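One-letter residues, chain by chain:
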Amino acid sequence: MKKSVHVTAEVLNQKHFRLFKHVKVDEFIPIQEMISHAAVRSIYIHGVTRMYSELMCQQCAEGMYEIPKQHEWKTYRDAFTDLLNKGATLVTDRGNLHMNHKLDSPIPEDAHLYIICDEGTFNQINKKTFH
């Protein structure tokens, strides 16, 4: 098969990433570090584990969705403000969580934008994007 396949590997520890260098792995999920990080953060920020759970839970109201760049959005601020007015929060472009530091930067045409919102809001945004 010569099709491109996106491969995600679940590993217990980040130190094991190197064991996968002989195969093409696009993304890793370091389970042990994620759990440890959430546990430590919960000591200092009460309720943080609920936030993590909400983002990972398919039955929860809020979720993370990918949306395409819209033509009227020139900068991340344009997208952030427009989406916020529609009930969604722009959180990342390709995993870069530093949106607040680049609000006035232009959005590249090949951006991979992710928002947090409920499914109804996502469907409304998608309906307007593709019609």
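How each quantity is defined
Residues numbered from 1 in each chain as written. Predicted model: local features only at pLDDT ≥ 70, side-chain atom pairs only at ≥ 80, totals over all residues. Heavy atoms only, no water. Salt bridge = Lys/Arg side-chain N within 4 Å of Asp/Glu carboxyl O. Buried < 20%, exposed > 50% of the residue type's maximum accessible area, 1.4 Å probe, protein only. Helix = DSSP H or I, 4+ residues; strand = E, 2+ residues; numbered from the N terminus. Pairing = 2+ DSSP bridges. Polar contact = N/O pair within 3.5 Å; in protein donor to acceptor, adjacent residues only side chain to side chain. Contact = heavy atoms within 4.5 Å. Axes fitted to C-alpha atoms, helices over the stretch in contact; angles between N-to-C directions.

**Some points on the pattern of salt bridges**
Taken as a whole and assessed by the stated rule, the structure comprises six salt bridges. Close ionic contact of Asp-82 with Lys-86 constitutes a salt bridge, the shortest N to O distance being 3.0 Å. Under the relative-accessibility criterion, Asp-82 is labelled partly exposed at 21%. Ionic contacts of the salt-bridge type, sharing partners, join the residues Asp-93, Arg-94 and Asp-110 into one network.

**Some details on the pairing of strand β4 (residues 89-93)**
Side chains on a regular strand alternate between the two faces of the sheet. The buried count for β4 comes to four of five residues, which makes it a mostly enclosed element. For β4 and strand β5 (residues 113-118), the ladder comprises four bridges, and the chain directions are antiparallel. When the bridges of β5 are listed, Asp-93 appears paired with Leu-113.

**Structural notes on unusual backbone geometry**
One non-glycine residue with positive phi stands out, namely Arg-94, at about 55 degrees. For Arg-94, the position within the fold is in the loop between β4 and β5. Judged by relative accessible area, which is 45%, Arg-94 ranks as partly exposed.

**Focus: the side chain of Thr-92**
When you line up the elements, Thr-92 lands in strand β4. The buried category is assigned to Thr-92, whose relative accessible area is 4%. At a separation of 2.9 Å, a polar atom in the side chain of Thr-92 contacts the main-chain amide nitrogen of Asn-96. Ignoring any residue separated from it by four or fewer positions in sequence, one finds Thr-92 in contact with Leu-97, Met-99, His-112, Leu-113 and Tyr-114.

**Topic: the sheet that holds strand β3 (residues 62-67)**
Taken in spatial order, the three strands of this open sheet run β3-β5-β4, and their pairing is antiparallel. Where the open sheet ends on each side, the last strands, each with one partner, are β3 and β4. Mean inter-strand twist for the sheet, computed between neighbouring axes without regard to direction, equals 30 degrees. Docked against the sheet, helix α3 (residues 76-85) engages β3, β4 and β5, running at close to 145 degrees with respect to β4.

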